[in-house]
Amino acid sequence: MSDTTHDGAVALSTPPSADDGLSSAEMAAKYGLTVSGARPGLFEYIRQLWGRRHFIMAFSRAKLTAQYSQAKLGQLWQVATPLLNALVYYLIFGLILGTRKGMTQDVFIPFLVTGVFVFTFTQSSVMAGVRAISGNLGLVRALHFPRASLPVSFSLQQLQQLLFSMIVLAVVAVAFGSYPSLSWLLIVPALAMQFLFNTGLALIMARLGSKTPDLAQLMPFVMRTWMYASGVMFSIPVMLKDKPDWIADVLQYNPAAIYMDLIRFALIDGYGAGNLPAHVWIVALAWAVLVGVVGFVYFWKAEERYGRG
């Protein structure tokens, strides 16, 4: 449309638009627009996460390979590090402090190595979860993908690392008289439940760490305290037999101790069911489902806020 002005010039006017009078929300609905980075529904989020499963696997493998790429021994450090930790704990707690009370040498050494390896799985998953978002802001801000992919991939990386360590753990068990049997198959469901628990915990820590980077400096102290309270280097019932029963119960039913004991029971011939708390498999499953589900929902709730200032 055009109008003629008083001096004979032609002025163009904007034709009326069908969008005139529409609010921003109404225009977005009309043209099918959505907010960039908006949080999808829970089930849609799960579907998107499943669609990124190949990325999660590839990312975890790449991180695992790069972890020791600058070291001359390379991937051998995946096994050497927890073994060296176990050696130190054996010298201090086994020989000097005598924490192997109630266990023979053939049971105590696999007991100790198993505890160190299994607890390291949880510890590393938590520490990686704290930095999952804050340590990958470039990736989070550059690409659109379910942010849960990062803590999940880090937990998967730690599981892959533990599987390498399990080969050494099996050798240690055989060297001290615990030979392969059907009970070793129980390691599979125990590790599956621990992986679910670790992933839920990593998701919780990822959300907390995304807004509080200083949490990464605090967590080593928290994890060290948790390790000493979980019976990594000693049998909780034996060491606390002179203490009130509720103290031993609290420590035995904490999830780190539960998963360690299940794998010890499966792997070590001299570590019988009498060393396990009652209903241990049900408790292990409850911890895994509770922390896994709560952690996932808690992380999803803040999906649209990750990577923003």
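Every value quoted in this text rests on a predicted model; they were computed, and no experiment measured them.

Novice: So what exactly am I meant to see when it comes to the packing of helix α12 (residues 255-267) against helix α13 (residues 280-301) here?
Specialist: Two quantities define a packed helix pair, namely the angle between the helix axes and the distance between the axes. Between α12 and α13, whose axes approach to 10 Å, the crossing angle comes to 130°. Between α12 and α13, the crossing angle belongs to the class labelled oblique. In this structure, α12 meets α13 at a crossing whose hand is left-handed. Residue-level contacts link P255, I258, Y259 and L262 of α12 to V280, W281, V283, A284, W287 and A288 of α13. Here the residues of the contact of α12 with α13 are counted per class, giving ten nonpolar, no polar and no charged.

Novice: I would appreciate a short explanation of the pattern of salt bridges in the present structure.
Specialist: As a working rule, side chains carrying opposite charge can pair if their charged atoms are close by. Tallied over the full model, the rule gives two salt bridges. For E44, the salt bridge is made with R47, and the minimal N-O distance between the two is 2.6 Å. Of the two residues, E44 and R47 are both situated in helix α2 (residues 42-51); the distance of three residues between them amounts to about one turn of the helix. Of the charged contacts in the structure, one is a salt bridge between R264 and D261, with a shortest N-O distance of 3.4 Å. Here R264 pairs with D261, and both are found in helix α12, just three residues apart, close to one helical turn. When its relative accessible area of 1% is taken as the criterion, R264 is described as buried. Its relative accessible area of 6% is what places D261 among the buried residues.

How each quantity is defined
- Residues numbered from 1 in each chain as written.
- Predicted model: local features only at pLDDT ≥ 70, side-chain atom pairs only at ≥ 80, totals over all residues.
- Heavy atoms only, no water.
- Axes fitted to C-alpha atoms, helices over the stretch in contact; angles between N-to-C directions.
- Helix = DSSP H or I, 4+ residues; strand = E, 2+ residues; numbered from the N terminus.
- Parallel < 35°, antiparallel > 145°, perpendicular 65-115°, else oblique.
- Left-handed = near helix turned anticlockwise from the far one by under 90°.
- Contact = heavy atoms within 4.5 Å.
- Nonpolar A, V, L, I, M, F, W, Y, C, P; charged D, E, K, R; others polar.
- Salt bridge = Lys/Arg side-chain N within 4 Å of Asp/Glu carboxyl O.
- Buried < 20%, exposed > 50% of the residue type's maximum accessible area, 1.4 Å probe, protein only.

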